[in-house]
Structures are given as structure tokens and as C-alpha cells.
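A look at the structure
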Amino acid sequence: MTFYEKIYYVCKRIPKGKVATYGQIAVIIGKPGTPRQVGGALHRSPEGMCLPAHRVVNRDGVLTGAAAFTFEKEQESRLRAEGVEVLHNKVDLKKYRWNPSRQELEEIAEMIRL
DNA sequence: CCTTTGACCAACA
DNA sequence: TTGTTGGCCAAAG
């Protein structure tokens, strides 16, 4: 599995109605210190790959990737459609951050090893 | 091989 | 507490 593929894999596991941060994903794939590359990977993700990239926000809960979507506010409306409140281009991480169980993290770690 | 480019982040003033 | 600074590192050129 390539670096980018690992990022896509983790992204797909973020549950509906939850969000993750770039740094959080970097840590989960075992590469802390590469949050910018996580953003880059999502930005350049293939067209047909149906990825819930709108569930990824920065450490403050700000929708920093909004400009990269097909139309302005697409990220915001997709989140709202899942029941996530968005105020001033931000989400409340205390409420909506995804907290994977230890078992799920192990599952991911094993899948990624390939 | 370099060099540039970021959907970031921790540290510091 | 809010702005700024520099480092970070995989990919693309």
C-alpha cells in the first residue's frame, strides 16, 4: 500500500456525522509529522474514488479544504447533510471528532501493513 | 538528481 | 490570546 493509499483507506473509515483532523490521520497511518501531505493526498485524490474527504478538517475544526471542492460551500453542505453543525466555517471538534477504538486502530494498522 | 509546492502544526512573541 | 514563523516531507516538475 502506498502512502497515499493508506490515507485514502483511513479517510473512508471516518463514520458519517464525524470528522477527523489532518494530523490525526497522519498519526493513524504511522507517519506523524506529515499532515500537509494528508491534505495534498486528498486534494489530488482520483475522480471516481468516492472519498468522504469533507470529513477532514484542520486542528481547529476549520474547513480549510473548502476551496478545493467543486463548488463553494460543498464541504459545508455535505457535513450539514450528515447532521454536523457548521458555524463560521468551523465544526466543534469536542462534539464531532472521530475517536477510533483501540481495536479499530489495530485493524487499520494491520490493513495498512500490506 | 535538485527545486518547488502545499486541504498543516507547534512554538513563540 | 491572536498573529507570525519556520519546519515538515511526499510528490510533481
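Residues numbered from 1 in each chain as written. Chains lettered and ligands numbered in written order. Predicted model: local features only at pLDDT ≥ 70, side-chain atom pairs only at ≥ 80, totals over all residues. Heavy atoms only, no water.

1. Concerning the protein's contact with DNA strand B
Which entries qualify depends on this criterion: Only heavy atoms are used to decide nearness, and a residue is near a molecule or strand if one of them lies within 4 Å of it. N or O atoms within 3.5 Å of each other form a polar contact, as long as, within protein, one can give a hydrogen and the other can take it, and as long as residues adjacent in sequence are counted only when both atoms are side-chain atoms. In DSSP terms, a helix is any run of H or I states spanning at least four residues, a strand is any run of E spanning at least two, and both are numbered starting from the N terminus.
Around DNA strand B, the surrounding shell holds 15 residues, and the nearest of these are Tyr22, Gly23, Arg36, Gln37 and Arg59. Those atoms of DNA strand B that come within 4 Å of the protein belong to sugar or phosphate at a rate of 44%. Within the backbone of glycine 23, a nitrogen or oxygen atom sits 3.2 Å from a phosphate oxygen of DNA strand B. In this structure, glutamine 37 approaches DNA strand B through a side-chain N or O atom, which is 2.9 Å from a base nitrogen. Mapped by element, the contributors of at least two residues to the surface near DNA strand B are α2 (22-28) and α3 (35-43).

2. With respect to the state of the cysteines
Simply put, disulfide is the name for a covalent bond between the sulfur atoms of two cysteines. Rule in force here: We call a pair of cysteine sulfur atoms a disulfide when they lie within 2.5 Å.
Counted under the stated rule, the structure contains zero disulfides. As a non-bridged cysteine, cysteine 11 has cysteine 50 as the owner of its nearest cysteine sulfur, 10 Å distant.

3. Description of α3
Spelled out, the test is: Partly exposed residues are those whose accessible area sits between 20% and 50% of the maximum for their type, while under 20% is buried and over 50% is exposed, using a 1.4 Å probe and protein chains only. Note on contacts: a residue pair qualifies if any of its non-hydrogen atoms lie within 4.5 Å across the two residues.
For α3, the full list of buried residues reads Val38, Gly40, Ala41 and Leu42. Buried residues belonging to α3 abut α1 (3-12), α2 and β2 (56-57).

4. What to know about the layout of surface pockets
This is how the line gets drawn: A 1.4 Å probe that fits but cannot get out identifies a cavity on a 1 Å grid over protein atoms alone, an open set with protein on both sides within 12 Å along at least five of seven lines counts as a pocket, and a residue lines either if it has an atom within 4 Å of a point. Grid points are joined across faces, edges and corners, and a volume is the space filled by probe spheres set on the points. Polar here means any residue other than Ala, Val, Leu, Ile, Met, Phe, Trp, Tyr, Cys and Pro, which are nonpolar, and Asp, Glu, Lys and Arg, which are charged; Gly is therefore polar.
By volume, the largest pocket is sized at about 600 Å³. Every residue lining the largest pocket is counted, 22 residues in all, and those nearest its centre are Leu42, Ser45, Ala53, Ala68 and Phe69. Listed by contribution, the elements that provide at least two residues to the lining of the largest pocket are α3 and α4 (74-81). Looking at the lining of the largest pocket residue by residue, the class counts come to 11 nonpolar, eight polar and three charged.

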